[in-house]
Amino acid sequence: MAKKRYVQVGVGGRARFFYEALAEKYADTSVLTGFCDLNRTRMEYAVKNLKEKFGYEGITLYGAEEFEKMIEEQKPDYVIVTSIDRTHHKYIIKAMEMGCDVISEKPMTMNDEKCQAILDAVKRTGRNLRVSFNYRYAPYNSKVRELIMNNVIGDVKQVHFEWMLNTVHGADYFRRWHRDKRNSGGLLVHKATHHFDLVNFWLGTKPKEVFSFGDLMFYGRENAENRGITKFYYRTHGSENAKGDPFAFDMEGSQSLEGLYLNAEKEDGYLRDQSVFGDGISIEDVMNVLVKYESGAIMSYSLNAFSPVEGFRVAFTGTTGRLELTVSERVYVNAGGSKDIEGAAKKSLITVTPMFGEPYVVETEKAEGGHGGGDPILLEDIFGNPPADPLKRAASHEDGALSILTGVAANKAIATGLPVKIKDLVTF
Ligand SMILES: NC(=O)c1ccc[n+]([C@@H]2O[C@H](COP(=O)([O-])OP(=O)(O)OC[C@H]3O[C@@H](n4cnc5c(N)ncnc54)[C@H](O)[C@@H]3O)[C@@H](O)[C@H]2O)c1
């Protein structure tokens, strides 16, 4: 059988998750032949890595302006999109128009206009678009879906969901492109797309109406000044003031951080280590959201990006019982270490309390790998030959859209002080 042909656009920290899998585990059935990025140094770093680690060769490099040329020359079946969020729609749409299927990193895109353009392009071209929601595949998250699907707590009426990003992982979104809302949609889109997708998946429903408050309360120059901080710096590299600051981010000595960012910045000015207490941050670090779902359930959700704790807690109250999931995660920063520990679970606990019954613990299998062990299972689902999945975890473009729309609506609610209906954002 002919191998499936892949190319990839956006070859930074996350890209490795896909290209290493194609070069190693799935090399018998797949071939990766092209990289496209603004930054040649980063692409060359990836190529060197692939050669040294797996002896993999034969990838042609293209600049961002040569995306179409890459598709014409490489004739891929699939385009993998791992560029920065605000560019996803451009590559997804062009790839589908040129006859390819697409695997996109989350968030599928970052606002309602770009989302509508993607939905229209899927309809127009008939191509397939998958969004790689790895958290669905973490065994404890899959187990929650199974329990709710099997009616273990009856009809879920209320969800209380708290996600905590700590001062290592959470801080990292305030150092680089994510900190500009125009790039990422803020954490309500960039990060919470995972969380809102999980709720849609767990409950088997869709968001209907959203309200939210959120603000920048800890990071940023003014907040730091108000706490009495007087020593500031623009970036860690080469700064005296950064020395001894626990929020500083030192790339020197890390092969991957130097290779991907420090040595590459001369080309495009992408500084990976800006101070989290700098000016110009337009995303929130504290967010509270209320969501009403089509099933009738309501949710209160919070996200904090300067917590001492890393992990999440979610509780579902149904008509016949309550289910609680608590997870603590290992701390990780993008490209700062093995990709296998990104969001890897340290501890997880599922408890069910039947109405009028005693609480009991539901065991889940332990899975190694990033995102609670979801990463390797997702890869098998995308590149391998997986068995039929009763939980239907593979996420479509509609799942990608619905998961961002809660965050997009929450952003609008923060801006206007008014609740937002999902049906007013896009037409499916
Ligand atoms: N599913 C997950 O768990 C997960 C984890 C991390 C990142 N991600 C996603 O992966 C994507 C990349 O994140 P990252 O952390 O690797 O960021 P990164 O900054 O390390 O890499 C982004 C890459 O995009 C390139 N780029 C920027 N503008 C471009 C353009 N116009 N055309 C082509 N390339 C361009 C940059 O040069 C860089 O190489 C994001 O969408 C992010 O949300 C997902």
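Residues numbered from 1 in each chain as written. Predicted model: local features only at pLDDT ≥ 70, side-chain atom pairs only at ≥ 80, totals over all residues. Heavy atoms only, no water.

*Asks:* Whenever I open this one, the domain arrangement of the protein confuses me. Can you help?
*Replies:* Often the size quoted for an interface is simply the accessible area lost on bringing the parts together. In terms of domain boundaries, the protein breaks down into domain 1 (4–133), domain 2 (135–219 + 281–372 + 395–424) and domain 3 (221–268). In this structure, domain 1 and domain 2 have C-alpha centres spaced 26 Å apart. On the domain 1 side of the interface with domain 2, the three residues burying the most area are Lys-106, Met-110 and Phe-133, jointly 31% of the side's total. Its salt-bridge partner being Asp-112, residue Lys-412 comes within 3.2 Å of it at the nearest N-O pair. Along the contact surface separating domain 1 from domain 2 lie nine residue pairs in polar contact (both at pLDDT 80 or more). With four residues, the top contributor of residues to the side of domain 1 that touches domain 2 is helix α5 (residues 112–125). (Domains from an automatic or database assignment. Buried area = accessible area lost by both parts, 1.4 Å probe. Salt bridge = Lys/Arg side-chain N within 4 Å of Asp/Glu carboxyl O. Polar contact = N/O pair within 3.5 Å; in protein donor to acceptor, adjacent residues only side chain to side chain. Helix = DSSP H or I, 4+ residues; strand = E, 2+ residues; numbered from the N terminus.)

*Asks:* Hey, could you run me through the pairing of strand β10 (residues 298–307) in this one?
*Replies:* Two faces, one strand: in a regular strand the side chains alternate between the faces of the sheet. Pairing analysis gives eight bridges linking strand β7 (residues 156–166) to β10, with the strands arranged parallel. Bridging across to β10, Val-159 finds its partner in Met-299. Bridging between strand β9 (residues 286–293) and β10 involves seven bridges; their strand directions are antiparallel. Each bridged residue has a counterpart across the sheet, and for Asn-288 the counterpart in β10 is Ser-302. Joining the antiparallel neighbours β9 and β10 is a turn of four residues, in which Gly-296 adopts a positive phi near 100 degrees. (Pairing = 2+ DSSP bridges.)

*Asks:* I'm lost on the packing of aromatic side chains in this one. Help?
*Replies:* In this description, a pair of aromatic rings is defined by centroid distance and the angle of the planes. Summed over the entire model, instances satisfying the criterion amount to 27 aromatic pairs. Relative to Trp-163, the ring of Phe-161 lies with its centre 6.0 Å away and its plane at 55 degrees, an arrangement referred to as tilted. In terms of burial, Phe-161 and Trp-163 fall into one category: buried. Among the aromatic side chains, those forming a connected cluster through ring pairs are Tyr-135, Tyr-140, Phe-161, Trp-163, Phe-196, Trp-202, Tyr-301, Phe-312 and Phe-316. The ring of Phe-232 is capped by Arg-221, whose NZ or CZ atom sits 3.9 Å from the centre of that ring. (Phe/Tyr/Trp six-rings, centres within 6.5 Å; stacked < 30°, edge-to-face > 60°. Buried < 20%, exposed > 50% of the residue type's maximum accessible area, 1.4 Å probe, protein only. Lys NZ or Arg CZ within 6 Å of the ring centre and 35° of its normal.)

*Asks:* I tried to follow the pairing of β7 on my own but got confused; where do I start?
*Replies:* Across eight bridges, β7 lies against strand β11 (residues 311–318) in antiparallel orientation. Across the sheet, the residue bridging to Trp-163 is Phe-312, located in β11.

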